[in-house]
Amino acid sequence: MAFFKLFNNNPYFKYILGSIIFVIIVFIDLQLGLFASRTVNLLIRVVYFSVVAIGFNILLGYAGQISLGHAAFMGFGAYLTAFISNNYGLGFLPTIILSGLIPMVFGVILGLVALRLERLYLAIATLGIGVTIEFVFREWVWFTNGFSGVRLSRPEIFGFAFNNSRHFLLLSTIILFIVILFTYNLINSKTGRALSAMRDSGHAAQAMGISLFKYKLIAFALSAFYVGIAGSLYAYAERYVHPSTWGAELSLDMLAMVVIGGLASIGGSVTGAGFLVFVPRLVQDLPLIGEITNINFILTGLAMILVIRFMPIGIYNWFDYKFIQPFYIKRLNLNKPGGDD
Amino acid sequence: MLKLHDISAFYGNINALSKINLKVKKGEIVSLLGANGAGKSSTLKVISGLLEPREGDVFFRDNKITGMEPEIIVDHGIIHIPEGRQIFPALTVEENLKIGAYRIRKSTDWRDKLDNIFEYFPALSDRRQQKGGTLSGGEQQMLAIARGLMAEPELLMLDEPSLGLAPLIVKDIFKIIKKINSEGVTILLVEQNANMALKVANRAYILETGEIVHSGNAKDLASDEKVKEAYLGSTH
Ligand SMILES: Nc1ncnc2c1ncn2[C@@H]1O[C@H](COP(=O)(O)OP(=O)(O)OP(=O)(O)O)[C@@H](O)[C@H]1O
Ligand SMILES: [Mg+2]
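Numbering of residues begins from 1 in every chain and follows the order in which that chain's sequence is written. Following the order in which they are written, the chains are lettered starting with A and the ligands numbered starting with 1. At least 70 in pLDDT is required for a residue's local features to be given in this predicted model, at least 80 for side-chain atom pairs to be given and counted, and no such filter applies to totals for whole chains, interfaces and linings, which use all residues.

What about the overall build of chain B?
Helix and strand labels come from DSSP, where a helix needs a run of H or I of at least four residues and a strand needs a run of E of at least two; each type is numbered from the N terminus. Across its full length, chain B holds 10 helices and 10 strands. In this description the radius of gyration comes from C-alpha coordinates, and the expected globular size is given by 2.2 Å times residues to the power 0.38. The C-alpha radius of gyration of chain B comes to 17 Å, within 12% of the 18 Å expected for a compact globule of 236 residues. Seen through its C-alpha atoms, chain B measures out along the principal axes to roughly 45 × 40 × 30 Å. Expressed as a percentage of its 236 residues, the buried residues of chain B come to 44%. With C-beta atoms placed from the backbone, a residue is buried if 20 or more other C-beta atoms are within 10 Å of its own, exposed if 12 or fewer are, and partly exposed between those counts.

Description of the overall build of chain A
Secondary structure assignment for chain A yields 15 helices and four strands. Structurally, chain A occupies a C-alpha span of about 60 × 55 × 50 Å along its principal axes. Taking all 341 residues of chain A together, 46% fall into the buried category. Once C-beta atoms have been placed from the backbone, residue pairs whose C-beta atoms lie within 7 Å are recorded as contacts. Sequence-distant contacts in chain A: of pairs separated by 6 or more residues, those separated by 24 or more amount to 78%.

Re the confidence of the model for chain A
Residue and element names in this part refer to chain A. The pLDDT value expresses, per residue, how confident the predictor is, ranging between 0 and 100. Residues at a pLDDT of 70 or more form 94% of chain A, whose mean pLDDT is 88. Per-element averaging of pLDDT across chain A places helix H1 (residues 2-9) at the bottom with 65 and helix H11 (residues 212-238) at the top with 96. Within the model, the stretch residues 337-341 combines pLDDT values under 50 with 17 contacts to residues more than four positions away or in other chains.

Description of the pairing of strand E8 (residues 186-191) of chain B
With respect to burial, E8(B) is a largely interior element, six of its six residues being buried. Handedness of a crossover is defined as follows: with both strands directed away from the viewer, a clockwise route from the first strand across the helix to the second makes it right-handed. Taken together, strand E7 (residues 155-159) of chain B, helix H7 (residues 167-182) of chain B and E8(B) form a β-α-β motif whose crossover is right-handed.

Examining the site of ligand 1
Residues and elements named next belong to chain B. Around ligand 1, a shell composed of 13 residues is seen, among which Tyr 11, Asn 36, Lys 40, Ser 41 and Ser 42 lie nearest. Contributions of two or more residues to the shell around ligand 1 are made by strand E2 (14-24) and helix H1 (40-48). For the shell around ligand 1, the element with the most residues is H1, which contributes three residues. Looking at the shell around ligand 1 residue by residue, the class counts come to four nonpolar, seven polar and two charged. Each residue gets a C-beta atom placed from its backbone. If that atom is within 6 Å of a molecule or strand, the residue is near it. Amino acids outside the nonpolar list (Ala, Val, Leu, Ile, Met, Phe, Trp, Tyr, Cys, Pro) and the charged list (Asp, Glu, Lys, Arg) are all regarded as polar, and Gly is one of them.

Topic: H1(B)
Residues and elements named next belong to chain B. Here H1 lies mainly inside the structure; nine of its nine residues are buried. Within H1 the residues assigned to the buried category are Lys 40, Ser 41, Ser 42, Thr 43, Leu 44, Lys 45, Val 46, Ile 47 and Ser 48. Downstream of H1 by one or two residues, Gly 49 has phi in the positive range, about 90°.

Quick word on the sheet that holds strand E1 (residues 2-11) of chain B
Residues and elements named next belong to chain B. When DSSP finds at least two bridges between two strands, those strands are taken to pair. Across the sheet, four strands lie side by side as E2-E1-E4-E5; this open sheet has antiparallel pairing. Either end of the sheet is taken by a strand with one partner, and the two such strands are E2 and strand E5 (63-64). Relative to strand E4 (residues 55-60), E1 is paired through five bridges, and the arrangement is antiparallel. Residue pairing across strands places Leu 4 opposite Val 58, the latter belonging to E4.

Considerations on unusual backbone geometry
Residue and element names in this part refer to chain B. Of note in this structure, Glu 160 is not a glycine but carries a positive phi near 45°. Its identity is not glycine, yet Thr 209 carries a phi of approximately 35°, on the positive side. Considering the arrangement of structural elements, one finds Thr 209 in the loop between strand E9 (203-208) and strand E10 (211-217). Looking at Thr 209, the number of C-beta atoms within 10 Å reads 14, which means it is partly exposed.

Some words on the interface of chain A and chain B
Accessible area lost during the coming together of the parts is what is often quoted as the interface size. Taken residue by residue, the interface counts 17 residues in chain A and 24 residues in chain B. Where the side of chain A that touches chain B is concerned, the elements lending two or more residues are helix H9 (190-200) and helix H10 (202-207) of chain A. Per-element accounting of the side of chain A that touches chain B gives the leading share, six residues, to H9(A). Split by residue class, the side of chain A that touches chain B holds six nonpolar, seven polar and four charged.

Section: the nonpolar core
Core analysis: the largest hydrophobic core is formed by 162 residues, its most contacted members being Tyr48(A), Val51(A), Val52(A), Met74(A), Ala230(A), Met157(B) and Leu189(B). The leading source of residues in this core is H11(A), at 17 residues. Each nonpolar core comprises buried Ala, Val, Leu, Ile, Met, Phe, Trp, Tyr and Cys residues, the members being joined through C-beta atoms within 7 Å.

Notes on the sheet that holds E8(B)
Residue and element names in this part refer to chain B. Sheet architecture is open: six strands sit in the order E6-E7-E8-E3-E9-E10, paired in mixed fashion. A single partner strand is all that each edge strand has here, and the edge strands are strand E6 (78-81) and E10. Taking each pair of neighbouring strands and ignoring which way they run, the sheet shows an average axis angle of 15°. Sheet analysis places E6 next to E7, joined by four bridges and oriented parallel. Residue Ile 81 lies in a different strand from E7, and its bridge partner there is Leu 158. Helix axes are fitted only over the stretch in contact, all axes being lines through C-alpha atoms; the angle between N-to-C directions runs from 0 to 180 degrees. Those strands touched by helix H6 (residues 137-150) are E6 and E7, and its axis lies near 170° from that of E6. Running over the sheet, H7 touches strand E3 (29-34), E7 and E8 and is turned about 155° from E8.

Take a look at the structure:
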């Protein structure tokens, strides 16, 4: 009872517990080989896309800013990881942090653009940047190795090589765990409230002394940092980075994850990432439907339309609202449902 | 305390304010009245830094604050509650209030302050965890005012707090404004509801198409024939 109450009053525990369970399952898998190796690879994708979706959600869900060019930051993070580990042989941690920090600087620059443009115009401008960057990655050969792409090896921490996918899944899950807890604290801090205030009403936020200049830059910088880190995880996971991966489709996938899973919600971000990784895979195995080319684009589009039409708060929040909250209220006779983030 | 000197302001080519002169003394309630589009909101925006005037200066306690960034002006103690109840709908009542205290560095006593605020607004106290957007219109207006108070203003500027509210709630809101004033906060009040505004105010200014056409003691203005005819309705 007290346990449930704790949960309901402080969603923080939900995230800690959820993350711990996830890490434990992955750990057990490491020992016993629970999942097929194909599933392990899919789970790794869910993990790095979760980091992407959380970062993108800070921008879109919490701060109310749009970008359709964020794939560029992910690609940049991935290339940086390949470049740094191939040329300088830095270890996993310094590499992944640099692969977040350098895109973050470019995030600030994009934030400066966002100060001048709003909404639709911002979407168009960032889409333009996103389309251009694919060409930049192709032509910038000394950094990206152009069309041939770059290869790299799995990471090493203190001499331990994460050669096995299962080991790497555990490592990236721990990174996701840290990202989730950091994000939870961030959005419940003064900074998080200021971001939401900016989203809800720019004028009123300004009148309360919130500098839109500062928080737009923070939103873009943070999201670029997250997405850069996810790019780094991508590079280590796939061990191959190619320029055509970082086009507009990926940016639109980021948007889809956040909209489908749930805006302004960490759980929603993870749900959205899981949805985009798993659902197309499941459908591919179906007879007939699975044979349609580009079925995953069609599915994503359809899912977005359905979610916006029937559960605009996103799958995760809808589920939380429909089933989890009523469960608490019934079990505990609470008349005050605890809010999610 | 506050002085506007020959303020002119434009939106592109639209002249919203021409040579406005206005003064608010410490401890006063001053009303700013006028028809739609007269420039009332624009005047408040100029003071709070949301709109940069093309000419003229704003002084607050002998400091020139013209053209400063809005967040710096908040630091000076001027709080603007914009028209249309711009609360943050996705945040809870408590979070909305915390944002009010955004600029206050010492975070130690903000809980006391919350309790204090809930004394003014008991209706909000039962709704701490409710999302701002789900409050009724009157509650939202209370929240907007409460949020402003969290910033410990010296000058509180309210833009049409009575807009769209039932007469009984309007009465409550004006009572609260008086109470806030009696505890030492100077108030600049923009209103369409001239009757009410002149009742609570010490002095008033009347704007017409960006210019001040009448000013003076609230009582005198309330009994002035021309003002009555134009702003208070003939039944007064
Ligand atoms: N953002 C804007 N862009 C262009 N013109 C504007 C803008 N805001 C206000 N104006 C114009 O400036 C003039 C003064 O507007 P203001 O909002 O100050 O009027 P007001 O006295 O507050 O009116 P109301 O009682 O309707 O709120 C109006 O003619 C209005 O059309
Ligand atoms: Mg107005």
